[in-house]
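Spelled out, the chains give:
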Amino acid sequence: MTKKQDEWQMTQKGLPIIISAPSGTGKTTTCKRLTQRMPDLRIATSHTTRKIRDGESDGVDYFFVSKNEFETKRDNKDFLEWAQVHTEYYGTSFESIEKPQQEGFDILLELDVQGVDSLRNMKFDGAYILILPPSIEEMTKRLRKRGTETEESIERRTNTGKEEIKSYKKYDYVITNFDIEETVESILAIVHAEKSRVSRYIPTSNDIKELLG
Ligand code: 5GP
């Protein structure tokens, strides 16, 4: 862990929710619904070198940057974690998480399994959730329906997805996305439970004084 990561961990507030899901699992819709249901949740917008898709906006879905820009930021240690996924770079900048967390917001990080490995290695506190597709066929079908990927890219994403599914033990929770609403409800239940952990309880002078008289 770098000094910067260490310092950041000591000052963190709010619950980090780390979500992984193979492409075509419904992660984007799930995450959008979650932000509607959790007003105190902010999505950490990642940086990527991949091409912007129809319907996506720069600075909202991702910060879309060139390989050069990404490498400069990476060498400057601006990323909490970064990884090469498929053929492109993806990374979570410190900037995307610092401010919302300092303001007490929960924060949603959408990462691939390499990002999860990096965060686990630095003992990054949070709820680690893996969303699974109901089947590989369903996952491929959803990728095709999206109409944004070439056959080659669909095959690559399906293979990467299978590798991610094999890594399920790296997560705290696994949810199969049969139905978006049910998946969102499951995540909300996880968040409620995680927030009630003794290890996260910060007694306020009032609650303790009142309870003990
Ligand atoms: P997509 O190109 O479909 O938006 O994302 C491809 C993969 O990259 C997904 O598994 C997604 O979770 C992952 N990803 C997105 N942002 C980041 C990030 O900042 N770091 C890491 N490690 N993976 C990311």
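Residues numbered from 1 in each chain as written. Predicted model: local features only at pLDDT ≥ 70, side-chain atom pairs only at ≥ 80, totals over all residues. Heavy atoms only, no water.

Quick word on the nonpolar core
Within the largest apolar cluster, 18 residues are counted, with the highest numbers of intra-cluster contacts made by I17, I19, L34, M38, I129 and I187. Broken down by secondary-structure element, the contributors of at least two residues to this core are β1 (16-20), α2 (27-37), β8 (127-132) and α8 (180-195). (Core = buried A, V, L, I, M, F, W, Y, C linked by side-chain atoms within 4.5 Å. Buried < 20%, exposed > 50% of the residue type's maximum accessible area, 1.4 Å probe, protein only. Helix = DSSP H or I, 4+ residues; strand = E, 2+ residues; numbered from the N terminus.)

Here's the deal with the packing of aromatic side chains
Counted according to the given criterion, the structure contains six aromatic pairs. With a centroid separation of 4.9 Å and an interplanar angle of 15°, the aromatic rings of F70 and Y89 are classed as stacked. Of this pair, F70 sits in helix α3 (residues 67-75) while Y89 sits in strand β6 (residues 88-93), and the two are 19 residues apart along the sequence. Members of the aromatic cluster, connected to one another through ring pairs, are F70, F79, W82 and Y89. Positioned above the aromatic ring of Y89, the side-chain terminus of K67 is 5.9 Å from the ring centre. The ring of W82 has R74 sitting right over it, with the charged end atom 5.1 Å from the ring centre. (Phe/Tyr/Trp six-rings, centres within 6.5 Å; stacked < 30°, edge-to-face > 60°. Lys NZ or Arg CZ within 6 Å of the ring centre and 35° of its normal.)

Some points on the site of the ligand
In the vicinity of the ligand lie 18 residues, with S46, R50, Y62, E81 and Y90 positioned nearest. E81 has a polar side-chain atom sitting 2.7 Å from a nitrogen atom of the ligand. A distance of 3.3 Å separates a nitrogen atom of the ligand from a polar atom in the backbone of E110. Coverage of the ligand by the protein amounts to 95% of the 510 Å² it exposes when considered alone. One can see that the ligand is located within the largest pocket. (Near = heavy atom within 4 Å. Polar contact = N/O pair within 3.5 Å; in protein donor to acceptor, adjacent residues only side chain to side chain. Areas by Shrake-Rupley, 256 points an atom, 1.4 Å probe, with all protein chains shown as cover. 1 Å grid on protein atoms, 1.4 Å probe; cavity = no way out; pocket = protein on both sides within 12 Å on 5 of 7 lines; lining within 4 Å. Sits in = over half its atoms within 2 Å of the grid points.)

Comments concerning the layout of surface pockets
Roughly 1,200 Å³ of volume is contained in the largest pocket. Along the walls of the largest pocket sit 44 residues, with K27, T28, R53, E110 and R146 positioned nearest its centre. If you list the elements that add at least two residues to the lining of the largest pocket, you get α2, β5 (79-85), β6, α6 (136-146) and α7 (151-166). Here the residues of the lining of the largest pocket are counted per class, giving 11 nonpolar, 16 polar and 17 charged. (Points joined across faces, edges and corners; volume = space filled by probe spheres on them. Nonpolar A, V, L, I, M, F, W, Y, C, P; charged D, E, K, R; others polar.)

So, the sheet that holds strand β4 (residues 63-64)
Spatially, the four strands line up as an open sheet ordered β4-β3-β6-β5, and their pairing is mixed. Edge positions in the open sheet fall to β4 and β5, since each of these has one partner strand only. Alignment of strand β3 (residues 47-48) against β4, held across two bridges, turns out to be parallel. Bridge pairing in β4 links H47 to F63. Taken strand by strand, α3 contacts β3, β5 and β6, and its axis lies near 40° from that of β6. (Pairing = 2+ DSSP bridges. Contact = heavy atoms within 4.5 Å. Axes fitted to C-alpha atoms, helices over the stretch in contact; angles between N-to-C directions.)

Considerations on unusual backbone geometry
With phi around 60°, K77 is a residue other than glycine that occupies positive phi space. By the element assignment, K77 lies in the loop between α3 and β5. Relative accessible area serves as the criterion here: at 51%, K77 is assigned to the exposed category. Of note in the backbone geometry, K123 takes a positive phi value of approximately 55° without being a glycine.

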